[in-house]
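Below, each chain spelled out in residue letters.
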Amino acid sequence: MPPESILLQFLSGSIEAELIGEPSACELLLRQARSANLLSRVAVLCVEKNLTPRLPQRMQNHLQSAQAVAVANHRSVRWEAKQIERVLSADEVPFCLLKGGAYVVGQSVAAKGRVFSDVDILVPKELLEKTERLLIENGWMCTNFDPYDQRYYRSWMHELPPLQHMKRGTTLDVHHAIIPPTARIKSDISKFWECTHKVAKHKLLYIPDDKDLILHSAVHLFCDGELENGLRDLSDLDLLLRDCSVRDEFWTELLTRAVELNLQRPLFYALRYCHALLNTPVPVQVLTRTAQGSPGKWAETWMDFLFCRALAPDHVSCNDRWTGLARWMLFVRSHWLKMPPLQLTQHLARKGYKRWMKHKASV
Amino acid sequence: MKLCSLPRAELRRRLKEEGLGLSIGPFNTSLKSHLSVVAEGLEQLYGAFTLTGDADFIDFRVSLNSPPGLRSWFRPQVNFSFDGFVPFKPLPQIQGFAMFEWGLNWVIANNAHQYLIIHAAVIERNGVVCILPGTPGSGKSTLCAALVCKGWRLLSDEMALISTATGDIYPVPRPVSLKNQSIEIIQNYSSDAVMGEVVMDTAKGTVSHMRPPQLSVEQSGQPGTPGLIVFPKYTAGAEPCLVSLTQANALLKVAENSFNYSVLGLQGFDVLGELISKCACYEFSYQSLDEAQEKLESLI
């Protein structure tokens, strides 16, 4: 097994407060949290647990600094949402914030110390072209002009190539679905839209229902393969699950919703690894019931091997000799899930060739 | 214990093995490197800095090493890593020490938002701390180096760290970065100036660093209260001339030169307002360094 991580212990609440106050342990927590983009969350949790005054002054400084970044991120995403709404109001295009933006605007627990580098929105597929045109006319621009990448996004992906605002530099991902249309799993996006809520005082701005926030985060984490922020996303799931589970009916509703959206498999993984790595209090019978989403006993063991490494902080103190391989294999797996085999072969050949040409040009 | 009292071999061993811990202003920094250009740069310029103890909390762990692969034999390069994160593309290995300075600037600017950080040189004389915000080409580093050679205390050549809690300026007196003609100008200006290696063809042209005065390094634990903000502008043929700035104008100009004003939001505005209200603010054009010194010393 990979070395135990002090950040995982901290997030799962299984560490003694006295130990965190000790300089070397505290510094290791700082380093792991920084590399997992979770330092500002650690800062908020320390305040909540009333731990901050017991920490070394240097750690307190780092936590203060990290909190400022999260607050700035949140201010920025609210502003971006306003700007997007202003632009899309020209054609009355409704849009739904996803992930970090939705946590912040919806004042969800997962907004605690959450940092992000881009804003993700969902728009109805039939309004996608109109949305893109409006955004481009109003200062967002495409940053990737490679014809292959353009085609890759537009014909196979569930999002447009990323847009960047000319002046503010913020990145915007415009989605029309939560899973690529070419992926193995199919999920009906109209059902997702049905359970979104309009945000108070807004005309076009929506956020997903709590259960859908969880399911979407699970899909993103366990199907998308971008695991640099894997632990941050797992911690989001942990906070959302802990918060929602105070309602008795929550678990049943979540499982029902997973069936409606055909997302039993990602939910299975989400609950399994939240429970295993972050001690999330998922009732045993819920774990048993979600096991119908299991990929089978053998695959489960294999996935445990991969995810226990890839979801640990991306820091030298958490790696064992298999970590690099595990991350790479999960990246390959995410592509395998996204595309049928023939298309994947073409895509990899194309990417490999381009990388080789680029390398040749740089030497 | 200071870096200069560390034997050569021990310095190199620490750089290669556990990392060399240095107390640099408010930050404990640990540096690992296999490159001799880095070890030499440290010996030349960081001698007066205090080493951290084994049990000390390290704020930033950085390393400068050659990227893996054949390139280490053929046109060798150097990578800057911040605890495993590599923010820049590799540079030619000969720029290794300069990259340490640039990398550390980046690390501080992005990870120390307990301060409002202004791109500026900061110096002090008779208890008056003077901030020289630097737009490129303004000559702030040259002016700063010259004044420091004439006995001003160096608080920083690159960034003013203004505590969001107290409004005081925290010193980080690191080597002063000089470019192109400034290197020779300062060498001719003062025989006290000790310069590191001169490296040509960097992204900023020819670059060298001047050793910070020992006294400034020894006083790096003492924050100062800002009293003067001067926007220098080197102007060929100009008599030294100070023009008073309104507070509003000064605030906007300082904000433009801040690295993290937008991160700090309202708090940044408050800290900046507080700063401006206790400082006299000027635009300053000058040509001769001696005249510039005289003029600035008339203000304190």
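All values reported here derive from a predicted model rather than from experimental measurement. (Residues numbered from 1 in each chain as written. Chains lettered and ligands numbered in written order. Predicted model: local features only at pLDDT ≥ 70, side-chain atom pairs only at ≥ 80, totals over all residues.)

A look at the overall build of chain B
- Looking only at helices and strands, chain B has 9 helices and 17 strands in total.
- Taken against the 2.2 N^0.38 rule, which gives 19 Å for 300 residues, the C-alpha radius of gyration of chain B at 19 Å falls within 12% of a compact globule.
- When the backbone C-alpha atoms are referred to their principal axes, chain B occupies close to 55 × 40 × 35 Å.
- Out of the 300 residues in chain B, the part that is buried amounts to 48%.
- A fraction of 71% describes how many contacts in chain B between residues 6 or more apart in sequence connect residues 24 or more apart. (Helix = DSSP H or I, 4+ residues; strand = E, 2+ residues; numbered from the N terminus. Rg over C-alpha atoms; globule rule 2.2 N^0.38 Å. Buried ≥ 20, exposed ≤ 12 C-beta atoms within 10 Å, placed from the backbone. Contact = placed C-beta atoms within 7 Å.)

With respect to the overall build of chain A
- Secondary structure summary: chain A contains 17 helices and 7 strands in total.
- Relative to a compact globule of 363 residues, whose C-alpha radius of gyration would be 21 Å, chain A shows 21 Å and is just as compact.
- Referenced to the eigenvectors of the C-alpha coordinate spread, the extents of chain A come out at roughly 55 × 55 × 50 Å.
- For chain A, with 363 residues in total, the buried portion stands at 40%.
- For chain A, the share of sequence-separated contacts (at least 6 apart) that also reach a separation of at least 24 residues comes to 68%.

Some remarks on the interface of chain B and chain A
- Contacts between the two partners involve 15 residues from chain B and, on the opposite side, 19 residues from chain A.
- Among the elements that make up the side of chain B that touches chain A, the one with the highest residue count is helix α8 (residues 261–277) of chain B (4 residues).
- Across the side of chain B that touches chain A, the residue classes break down as 7 nonpolar, 6 polar and 2 charged. (Nonpolar A, V, L, I, M, F, W, Y, C, P; charged D, E, K, R; others polar.)

Description of the packing of helix α4 (residues 39–48) of chain A against helix α5 (residues 57–88) of chain A
Residues and elements named next belong to chain A.
- The interhelical angle for the contact between α4 and α5, taken along N-to-C directions, is 110 degrees, at an axis separation of 8 Å. Classified by the interaxial angle, the pair formed by α4 and α5 is roughly perpendicular. Seen along the crossing, α4 lies across α5 with a hand that is left-handed. Facing Leu39, Ser40, Val42, Ala43, Val44 and Cys46 of α4, the residues of α5 in contact are His62, Leu63, Ala66, Gln67, Val69 and Ala70.
- Each residue belonging to the contact of α4 with α5 can be placed in one class, and the counts come to 9 nonpolar, 3 polar and no charged. (Axes fitted to C-alpha atoms, helices over the stretch in contact; angles between N-to-C directions. Parallel < 35°, antiparallel > 145°, perpendicular 65-115°, else oblique. Left-handed = near helix turned anticlockwise from the far one by under 90°.)

Observations regarding the sheet that holds strand β2 (residues 27–33) of chain B
Residue and element names in this part refer to chain B.
- Within the open sheet, the 6 strands sit side by side as β3-β1-β2-β4-β5-β6. Their pairing is mixed. Looking at which strands have only one partner, the edges of the open sheet turn out to be β3 (50–51) and β6 (91–92).
- Note that strand β1 (residues 20–24) and β3 share 2 bridges and pair antiparallel. Note that in β3 the partner of Leu22 across the bridge is Leu51. (Pairing = 2+ DSSP bridges.)

Things to note about the pairing of strand β10 (residues 159–163) of chain B
Residue and element names in this part refer to chain B.
- The element β10 is largely enclosed, with a buried count of 4 among its 5 residues.
- In terms of strand pairing, strand β7 (residues 115–125) meets β10 through 5 bridges, oriented antiparallel. Across the sheet, residue Ile118 finds its bridge partner in β10, namely Ala160.
- The pairing of β10 with strand β11 (residues 169–170) spans 2 bridges and is classified as antiparallel. Bridge pairing in β11 places Ile162 opposite Ile169.
- Hairpin connection from β10 to β11: 5 residues lie between these consecutive antiparallel strands, with Gly167 at a positive phi of about 80 degrees.

Remarks on the domain arrangement of chain B
Residue and element names in this part refer to chain B.
- Each assigned domain of chain B is listed with its residue range as follows: domain 1 (3–111) and domain 2 (116–297).
- The distance between the C-alpha centroids of domain 1 and domain 2 comes to 25 Å.
- Put simply, the parts of the chain that give the side of domain 1 that touches domain 2 at least two residues each are α2 (36–45) and α3 (96–111).
- With 6 residues, the top contributor of residues to the side of domain 1 that touches domain 2 is α3.
- Of the residues assigned to the side of domain 1 that touches domain 2, the class counts are 10 nonpolar, 5 polar and 1 charged. (Domains from an automatic or database assignment.)

Quick look at unusual backbone geometry
- Despite not being glycine, Lys201 of chain A shows a phi value in the positive range, around 65 degrees.
- Position of Lys201 of chain A relative to the elements: it lies in the loop between β6 (197–198) and β7 (205–207).

Observations regarding the environment of Val104 of chain A
All names here are of chain A.
- Within the secondary structure, Val104 sits in helix α6 (residues 99–105).
- Owing to 24 C-beta atoms within 10 Å, Val104 belongs among the buried residues under this scheme.
- Separated by 147 residues in the primary sequence, Val104 and Trp251 have C-alpha atoms spaced 23 Å apart.
- Those residues in contact with Val104 that sit more than four places away from it in its chain are His74, Val77, Arg78, Ala111 and Arg114.

Points about the confidence of the model for chain A
- Per-residue confidence for chain A gives a mean pLDDT of 91, with 98% of residues at or over 70.
- Within chain A, the element-level pLDDT minimum falls on helix α17 (residues 341–362) of chain A, averaging 75, and the maximum on strand β1 (residues 95–97) of chain A, averaging 98. (pLDDT = per-residue confidence, 0-100.)

Re the sheet that holds strand β2 (residues 118–122) of chain A
Residues and elements named next belong to chain A.
- On the basis of which strands lie adjacent, the open sheet formed by 7 strands has the order β3-β4-β5-β2-β1-β7-β6 and mixed pairing. The sheet terminates laterally at β3 (140–142) and β6, the two strands that pair on one side only.
- On the sheet, helix α7 (residues 128–137) packs against β3, β4 (163–165) and β5 (171–175) and is oriented at approximately 115 degrees with respect to β3.

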